[in-house]
Amino acid sequence: VQLQASGGGLEQAGGSLRLSCAVSGSISSINVMGWYRQTPGKQRELVATIRRSGSTNYADSVKDRFSISRDNAKNTVYLYLQMNSLKPEDTAVYYCHSITGPPIFFNYWGQGTQVTVSS
């Protein structure tokens, strides 16, 4: 499974950005996909996930502001993160992620895209 993230950039507080991630390869084996973010000196943290069933989960800090979705094409799945009402504390490198399986579970990461929110 290969993941290619894009869409980061610089935005003012209160603005919006949409991140995209093109997921290719053994997409039929993907169980869950999501977005994580990381700032220097901190651990990578969960932002949002979407399961094969379509159910979603969000970190409390982004609930009601961010929305995760996916679009299934023939050989590629496009994963999105719509980020509204951005705050300076949303500044981070954002990574798309997927898990394949069962019976054996594997984690896959995209390369990360920088999001910077100015106050």
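Above this text sits the structure in question.
I will try to describe carefully the structure that is included in this document. (Residues numbered from 1 in each chain as written. Predicted model: local features only at pLDDT ≥ 70, side-chain atom pairs only at ≥ 80, totals over all residues. Heavy atoms only, no water.)

## Focus: the packing of aromatic side chains
Working step 1: The final tally for this structure, using the stated rule, is two aromatic pairs.
Working step 2: Here Tyr 36 and Trp 109 contribute two aromatic rings whose centre-to-centre distance is 5.1 Å and whose plane-to-plane angle is 70°, an arrangement assigned as edge-to-face. Separated by 73 residues along the polypeptide, Tyr 36 in strand β4 (residues 30-38) and Trp 109 in strand β10 (residues 106-109) bring together distant segments of the chain.
Working step 3: Since its relative accessible area comes to 37%, Trp 109 is described here as partly exposed.
Working step 4: Taking 6.4 Å as the distance between ring centres and 90° as the angle between the ring planes, the aromatic pair formed by Tyr 95 and Trp 109 counts as edge-to-face. With Tyr 95 in strand β9 (residues 92-100) and Trp 109 in strand β10, this pair connects stretches of sequence that are 14 residues apart.
Working step 5: Taking the ring centre of Tyr 80 as reference, the NZ or CZ of Arg 18 above it sits at 4.1 Å.
Working step 6: Over the face of the ring belonging to Tyr 95 we find Arg 44, whose NZ or CZ atom lies 3.6 Å from the ring centre. (Phe/Tyr/Trp six-rings, centres within 6.5 Å; stacked < 30°, edge-to-face > 60°. Helix = DSSP H or I, 4+ residues; strand = E, 2+ residues; numbered from the N terminus. Buried < 20%, exposed > 50% of the residue type's maximum accessible area, 1.4 Å probe, protein only. Lys NZ or Arg CZ within 6 Å of the ring centre and 35° of its normal.)

## Section: the environment of Arg 70
Working step 1: On the secondary structure map, Arg 70 appears in strand β7 (residues 66-72).
Working step 2: On the basis of relative accessible area, Arg 70 is assigned to the partly exposed category, the value being 28%.
Working step 3: Ignoring sequence-local partners within four residues, the contact set of Arg 70 consists of Met 33, Ile 50, Arg 51, Arg 52, Ser 53, Gly 54, Val 77, Tyr 78 and Leu 79.
Working step 4: A distance of 2.6 Å separates a polar atom in the side chain of Arg 70 from the backbone oxygen of Arg 51.
Working step 5: A distance of 2.9 Å separates the side chain of Arg 70 from the backbone oxygen of Arg 52, its partner in a polar contact. (Contact = heavy atoms within 4.5 Å. Polar contact = N/O pair within 3.5 Å; in protein donor to acceptor, adjacent residues only side chain to side chain.)

## Examining the state of the cysteines
Working step 1: Applying the stated criterion to the full structure yields one disulfide.
Working step 2: A sulfur-sulfur distance of 2.2 Å marks the disulfide that ties Cys 21 to Cys 96. The disulfide joining Cys 21 to Cys 96 has a torsion of about 60° about its S-S bond and is therefore right-handed. Residue Cys 21 is found in strand β3 (residues 17-24), and its partner Cys 96 is found in strand β9; the two are separated by 75 residues along the sequence.
Working step 3: Here Cys 96 falls in the buried class, since its relative accessible area comes to 0%. (Disulfide = S-S within 2.5 Å.)

## As for the pattern of salt bridges
Working step 1: The full count for this structure, using the stated rule, is four salt bridges.
Working step 2: Across the pair Asp 90 and Arg 37 runs a salt bridge whose closest N-O atoms are separated by 3.0 Å. Placement of the pair is Asp 90 in the loop between β8 (76-83) and β9 and Arg 37 in strand β4, with a sequence separation of 53 residues. Take Asp 90 and Arg 37: they sit in the same class, and that class is buried.
Working step 3: Salt-bridge contacts for Arg 65 lead to Asp 90; the nearest nitrogen and oxygen are separated by 2.8 Å. Of this pair, Arg 65 sits in the loop between β6 (56-58) and β7 while Asp 90 sits in the loop between β8 and β9; the two residues are 25 residues apart in sequence, bridging distant segments of the chain.
Working step 4: Overall, the relative accessible area of 1% leaves Asp 90 in the buried class.
Working step 5: Because the salt bridges share partners, they merge into one network encompassing Arg 37, Glu 45, Arg 65 and Asp 90. (Salt bridge = Lys/Arg side-chain N within 4 Å of Asp/Glu carboxyl O.)

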